[in-house]
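Notes for the structure review
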Protein chains: 4
Amino acid sequence: MYYSEGETYTVRVDPEKVFHTTRGYVNLRDLVGAEPGSVIETNVGERFIVSRASFIDKLASLRRFTQVIYPKDLGYILLSTGVGPGSRVGEAGTGTGFLTATLAYYVRPDGKVYTYEVRRDFYEKALENFKALGLLPFIVAKNKDIKEGFDEQELDAVVLDLPDPWLVADKAYAALAHGGTLVVFVPTVPQVERSLHALRRAGFRRLEVIELMMRRYKTEPAELRPETIGVQHTGYIIQGQKL
Amino acid sequence: MYYSEGETYTVRVDPEKVFHTTRGYVNLRDLVGAEPGSVIETNVGERFIVSRASFIDKLASLRRFTQVIYPKDLGYILLSTGVGPGSRVGEAGTGTGFLTATLAYYVRPDGKVYTYEVRRDFYEKALENFKALGLLPFIVAKNKDIKEGFDEQELDAVVLDLPDPWLVADKAYAALAHGGTLVVFVPTVPQVERSLHALRRAGFRRLEVIELMMRRYKTEPAELRPETIGVQHTGYIIQGQKL
Amino acid sequence: MYYSEGETYTVRVDPEKVFHTTRGYVNLRDLVGAEPGSVIETNVGERFIVSRASFIDKLASLRRFTQVIYPKDLGYILLSTGVGPGSRVGEAGTGTGFLTATLAYYVRPDGKVYTYEVRRDFYEKALENFKALGLLPFIVAKNKDIKEGFDEQELDAVVLDLPDPWLVADKAYAALAHGGTLVVFVPTVPQVERSLHALRRAGFRRLEVIELMMRRYKTEPAELRPETIGVQHTGYIIQGQKL
Amino acid sequence: MYYSEGETYTVRVDPEKVFHTTRGYVNLRDLVGAEPGSVIETNVGERFIVSRASFIDKLASLRRFTQVIYPKDLGYILLSTGVGPGSRVGEAGTGTGFLTATLAYYVRPDGKVYTYEVRRDFYEKALENFKALGLLPFIVAKNKDIKEGFDEQELDAVVLDLPDPWLVADKAYAALAHGGTLVVFVPTVPQVERSLHALRRAGFRRLEVIELMMRRYKTEPAELRPETIGVQHTGYIIQGQKL
């Protein structure tokens, strides 16, 4: 993995391959065993600094085929559910696997994420992503319709990233341990309303609906100001506890 | 630990003690060994449901003596630095210990948080908080002025929650591993400006400044709307990478 | 009308009355003919600067008996409808009369605001407010149920500040001139959904839904930062045009 | 002026000209005397509805050569200063003239806007814009450096949309009537800090700094949600009163 100033690439080091940048290419075998901080040159002599990629850089480098959840929302979901090392978490649907991978990264080394995806093509591509991230040992991925329920019991948390989460609120309730938290992530307002109805009906308590708005600032101190254009909406995070 | 609908208490189960609520008191020895989901009665016959507290509930129940960082900001800091199981993290200042405890919770079981606090009284109260949360094994707390630098090397991340973080930007740089991330959390705009100057000077790259705004909604579907009054500012999160 | 530093009072100069502040009282007859910028003393010798009140200060000094619309929303409604000097505007319901008064202030001297209020007590108190502000000549206030429709035709704009605006969308359509704009202000999300349905059904085009979030900053430059706590939601502004 | 559904054009009716759309062209002489609501056909038979343009549509159709202020900010400035019919307002710099035109529109028919612009090319293009909008009678435009001060006295409000407003804070103070309000609009944080210093030094009181964030929602009720991408920052509005 390496970076240049203002121009950063995250690569998996496959010694058989060549990697092309806008400033020439590098043979990835030259990166094998390279020390973080060392410098590598492209075929046209441009110099890049080699570094280890952070977890977020790795996530961001994955091929996406569904809408993915943003770090601000992922972080809040982690913190507010208390999902951490050792937790057992249910999830549906898998999609690109960003959420699954993040949960898996944080339940290491003793926890497990059970993730359900009804579409075979998504399920298979997500498996590749988990392998690429080295997180497969912490994930049980299933190509199965969540509407039939979770196979697991006594889960610490369940996270639903589905178009119609209200259909499985009681399945989630059944799979959770007492005190466990259900998280529902949806982009539209009508989905929030239907989810709230379903969560109440299923018996969830301490309901919460929040949204997080993030603004990125220009980092030149003399010009400090929020960026003019940005992402002003990702989705709503709904939570309920089984009590 | 137990909850009532709309009224929730987080308690440490000390069998010697009595706990008073607005609906009578309970003898905490009755909670010893209570199953989650069981019901306990106060002396006036009000019924509470017993449940395990989540990590955030436990954090929220700690006595605070300094301004604390909010879950939304804690979650983003975790995700964006990739601090997780096994990470080694430096932190200053300890303060109430919310940030330390959160980092410690997530670096379990093999990671470590090295936290510095110059004030003896804060240091001692924070130690009590870490004990109460059972997180002491993952924390090395020091009653020391961070302006003298970190004793550690090759840290994965450093988080500064200080009034004058710009004074220690180069100490943080020295303590970080290559590819490691510095996070600075400050409430005011002039602090952002001074921090950005210091981070650049110290050699940090890929600078980022963000703020997160969170709105909580009423959860009655027929009245769905953001709460009228709320926290509209906590602080700015500044990051830089050692590359 | 006068002000002190950090402590400001807006008063109607009634020469018969005495006005009490936290720093003593003044005889209002002393304010008759006082030059802006002159100084007046209370009975205990505290000095206040006399000044003319701005329109917003006058509005803010009115007695409120219903939820009122905020300046940020009022300003956007004005600008986006183009309501200005000479405009003819319909409004329901009158409520405290903040919105009516603002519209009246801006349609002067040749325009008119036709406002409908079904509750007699609100209607009467609003009339007093209009008199106090000197805006009665520009307002036709009616104690009438808007569900029976507007008596006017060819209005430039109609503004609805009602709990159930969807019931009168077609009445508003009938009262508007071609090209005229309907504005609906509602606090909750379900109201937005029902209003959008009704506006479409009534024939409105170029629909728009927006919300404005305002943050107030501390004004000490060395401590520049948004206030921690603030109003984070007032309502949604929905618009449609008759085309 | 006319509109189509989803596709709207704002045109000045010049009977000599032809206007091209993505759906063919129309001869503008056909629009002379056309009733609002009537239909006009392009040369290829596409039908457009004719309507009067709103003030905002007219503003938006002007050629812009500088950064312009948004309706949300314009509206707040109007309301919070109380600038309305009959007000006398000073302004610098003119730029494209959006702010000048808006102020002029609202001070009609008896008020006046005195606007200063140091660049000859901006001044001349702005004059054309004022003519196109029919607002020239309410504007006194000057091609003059505001650092030499305002020629006017006893103004109700002064609005500064300059890169370095702090240089003329005392000129603004001198030109204002007692009780009058200075408004400063700036995009960056360091400009806010310098302006606050200058306003205090110049003697302004009741200082206020705010920012307005606007989110536009999708208007399909079944998909109600804020637009994903949007303008998340325009500028900061600083105010002070001469007391």
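Residues numbered from 1 in each chain as written. Chains lettered and ligands numbered in written order. Predicted model: local features only at pLDDT ≥ 70, side-chain atom pairs only at ≥ 80, totals over all residues.

**Quick look at the overall build of chain A**
Heads up, the condition is: Every helix listed is a DSSP run of H or I at least four residues long, and every strand listed is a run of E at least two residues long, numbered separately from the N terminus. Put plainly, a residue is buried at 20 or more neighbouring C-beta atoms within 10 Å of its own, exposed at 12 or fewer, and partly exposed in between, counting only other residues' C-beta atoms, which are placed from the backbone. This entry defines residue contacts through backbone-placed C-beta atoms, with two residues in contact when those atoms are within 7 Å.
On a plain count of helices and strands, chain A comes out with six helices and 14 strands. Along the three orthogonal principal directions, the C-alpha set of chain A runs to about 65 × 45 × 30 Å. Buried positions account for 50% of the 243 residues belonging to chain A. For chain A, the proportion of contacts with a sequence separation of at least 24, taken over those separated by at least 6, is 61%.

**So, the packing of helix 2 (residues 71–81) of chain A against helix 2 (residues 71–81) of chain B**
Filter applied, for reference: Axis definition: a line fitted to C-alpha atoms, limited for helices to the stretch in contact. Angles are taken between N-to-C directions and run from 0 to 180 degrees. Angle categories are assigned with fixed cut-offs, so that under 35 degrees is roughly parallel, over 145 is roughly antiparallel, 65 to 115 is roughly perpendicular, and the rest are oblique. The handedness criterion is simple: a crossing whose near helix is rotated anticlockwise from the far helix by less than a right angle is left-handed, and one whose near helix is rotated clockwise is right-handed. By the convention adopted, Pro, Cys, Tyr, Trp, Phe, Met, Ile, Leu, Val and Ala count as nonpolar, Lys, Arg, Asp and Glu as charged, and the other residues, Gly among them, as polar.
Helix 2 of chain B packs onto helix 2 of chain A with a crossing angle of 115 degrees between their chain directions and a minimal axis gap of 7 Å. Relative to helix 2 of chain B, the element helix 2 of chain A is oriented roughly perpendicular. By crossing handedness, the relation of helix 2 of chain A to helix 2 of chain B is classed as right-handed. Along the contact surface, helix 2 of chain A presents Pro 71, Lys 72, Leu 74, Gly 75, Tyr 76, Leu 78, Leu 79 and Ser 80 of chain A, while helix 2 of chain B presents Pro 71, Lys 72, Leu 74, Gly 75, Tyr 76, Leu 78, Leu 79 and Ser 80 of chain B. A class-by-class count of the residues in the contact of helix 2 of chain A with helix 2 of chain B yields ten nonpolar, four polar and two charged.

**A word on the interface of chain A and chain B**
The line we're drawing: Here, any two strands with at least 2 DSSP bridges between them count as paired.
Counting residues at the interface gives 50 residues for chain A, matched by 49 residues for chain B. Secondary-structure elements contributing two or more residues to the side of chain A that touches chain B are helix 1 (55–61), helix 2, helix 3 (98–107), strand 11 (176–186), helix 6 (189–202) and strand 12 (205–217) of chain A. The biggest single contributor to the side of chain A that touches chain B is strand 12 of chain A, with 13 residues. Residue composition of the side of chain A that touches chain B, grouped by class: 26 nonpolar, 13 polar and eleven charged. In this structure, strand 12 of chain A lies alongside strand 12 (residues 205–217) of chain B, joined through nine bridges in antiparallel fashion.

**Here's the deal with the relation of the copies chain A and chain B**
We apply this condition: Copies are brought into register by a least-squares superposition over C-alpha atoms of residues with pLDDT of at least 70 in both.
When chain A is fitted to chain B, the best match, at an RMSD of 0.1 Å, comes from turning it 180 degrees and sliding it 0.0 Å along the axis. Accordingly, the operation relating the two chain copies is best matched by a two-fold axis. The position closest to the rotation axis in chain A is occupied by the C-alpha of Gly 75 of chain A, lying 1.9 Å away. When the interface residues of chain A are mapped onto chain B, 96% of them again lie at the interface, so the same face is used by both copies.

**What to know about the pairing of strand 11 (residues 176–186) of chain B**
All names here are of chain B. Counted only if it meets this: Throughout, right-handed denotes a crossover for which the path from the first strand over the helix to the second runs clockwise when the strands point away from the viewer.
Among the eleven residues that make up strand 11, nine are buried, leaving the element largely enclosed by the rest of the structure. Read from strand 10 (residues 155–160) through helix 5 (residues 169–175) to strand 11, the crossover connection turns out right-handed. Inspection of the sheet shows strand 11 paired to strand 14 (residues 236–241) by six bridges, in the antiparallel sense. The partner of Val 183 across the bridge, within strand 14, is Gln 239.

**Some thoughts on helix 3 of chain A**
Helix 3 of chain A sits mainly inside the fold: ten of its ten residues count as buried. Three or more residues of helix 3 of chain A are buried, namely Phe 98, Leu 99, Thr 100, Ala 101, Thr 102, Leu 103, Ala 104, Tyr 105, Tyr 106 and Val 107 of chain A.

**Re the domain arrangement of chain A**
Cut-off, in case you're wondering: Note that domain bounds follow an automatic or database assignment of domains.
When cut into domains, chain A gives domain 1 (2–53) and domain 2 (58–241). Taking only C-alpha atoms into account, the centre of domain 1 of chain A sits 33 Å from that of domain 2 of chain A.

**Let's talk about the environment of Tyr 25 of chain B**
Residue and element names in this part refer to chain B. Note on placement: Tyr 25 falls in strand 4 (residues 24–27). Sequence spacing of Tyr 25 and Glu 41 is 16 residues, and the spatial spacing of their C-alpha atoms is 8.6 Å. If we skip the residues at most four places from it in the chain, Tyr 25 touches Val 18, Phe 19, His 20, Thr 42 and Asn 43.

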